Amino acid sequence: MSLPVFLVERLPAGTSTVLDGPEGRHAATVRRLRPGEELLLSDGRGGLAHCVVGTAEQDSLGLDVTRTWTAPAPQPGVVLAQALVKGDRGELAVELATEAGVDVVLPWRAARCVVRWDDGPRGAKALARWRSTAREAAKQARRAWLPEVAEPVSTKGLAEAVRAAAGALVLHEAATTSIGQARLPTEGDLLVVVGPEGGITEAELAALVEAGAQPVRLGPTVLRASTAATVALGALGVLTRRWER
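In this text, all values refer to a predicted model and were calculated from it rather than measured experimentally. (Residues numbered from 1 in each chain as written. Predicted model: local features only at pLDDT ≥ 70, side-chain atom pairs only at ≥ 80, totals over all residues. Heavy atoms only, no water.)

Participant: How would you explain the side chain of H172 if you had to name every residue and give the values?
Facilitator: Inspection of the secondary structure assignment puts H172 in the loop between β9 (167–171) and β10 (189–194). H172 has contacts with I200, L205, V216 and R217, leaving out every residue within four places of it along the chain. (Helix = DSSP H or I, 4+ residues; strand = E, 2+ residues; numbered from the N terminus. Contact = heavy atoms within 4.5 Å.)

In structure tokens form, the structure reads like this:
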């Protein structure tokens, strides 16, 4: 079984450290790790430290650090422009995409989104839920890199992101090109656009294509907005160098 991962602000500089705070409490009380057991510390930016539990307190662990290293970021990076989805399906989309290896999540206020994130407390709360979901999913997946969940964008802002990316794909049921036939960058950021349950409007598609995005199909069926990105990330893992170790 792979070792559990706990997130820290920075990796220890010496050969010993204490894991305390919420992560230490979870490790000691929930996971009930005991002396002699192993774990990984991650700074969420590629840095990892292999540790052995030396002492276990009620809400903290004393750790012996045996090795530290930096895991390279996968290339190309994948930025997911995820249209806002009603209810907990948006958080499901973030969770699954994080487990599948997404590097950045860009919430998109598409025209046909049922849910709307305002610029006040409700919108901030929804964004915080997406960020918390990404954090917990990254730990569960034993990821060295914690994906960023950016501020939401309009279609205009998304078109600007398309222009800035090394490549961009729009998942669309009417596309005639499969994802396996798409032009994919070998490095830089690849932007993948997933529309809302109601679909991407013709005006939105035209704006994204004009900015340089390629409409592609994933397969013969239509996927839900909460699962499409995960399938795309799996395909990109095979079609690019992202899954090479």
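Participant: Just give me the short version of the UniProt feature "domain: Ribosomal RNA small subunit methyltransferase E PUA-like" (unreviewed entry) in the protein chain, but keep the residues and values in it.
Facilitator: The UniProt feature table records "domain: Ribosomal RNA small subunit methyltransferase E PUA-like" (unreviewed entry) at residues 19–53. Split by type, residues 19–53 is 29% helix and 37% strand. Its first and last C-alpha atoms lie 10 Å apart. (UniProt positions renumbered as here; feature names shortened; annotations may be inferred.)

Participant: So, the packing of aromatic side chains: which residues are in play, and what are the values?
Facilitator: On inspection of all chains with the given rule, the structure shows one aromatic pair. Judged by centre distance (4.8 Å) and plane angle (75°), the ring pair of W117 and W130 falls under edge-to-face. With a gap of 13 residues between them, W117 in the loop between β7 (104–108) and α3 (121–140) and W130 in helix α3 connect regions that are remote in the sequence. Here R67 stacks its cationic end above the ring of W69, 3.9 Å away from the centre of that ring. (Phe/Tyr/Trp six-rings, centres within 6.5 Å; stacked < 30°, edge-to-face > 60°. Lys NZ or Arg CZ within 6 Å of the ring centre and 35° of its normal.)

Participant: Outline helix α4 (residues 155–164), listing residues and values.
Facilitator: Of all the positions in α4, only T155, L158, A159 and V162 are classed as buried. One side of α4 carries all its buried residues, which in axial view fall inside an arc of 105°. Of the exposed residues in α4, the ones pointing more than 90 degrees away from its buried face are K156 and A164. Those residues of α4 hidden inside the fold are in contact with β6 (77–83), β7, β9, β10 and α5 (202–211). (Buried < 20%, exposed > 50% of the residue type's maximum accessible area, 1.4 Å probe, protein only. Arc of directions from axis to C-beta.)

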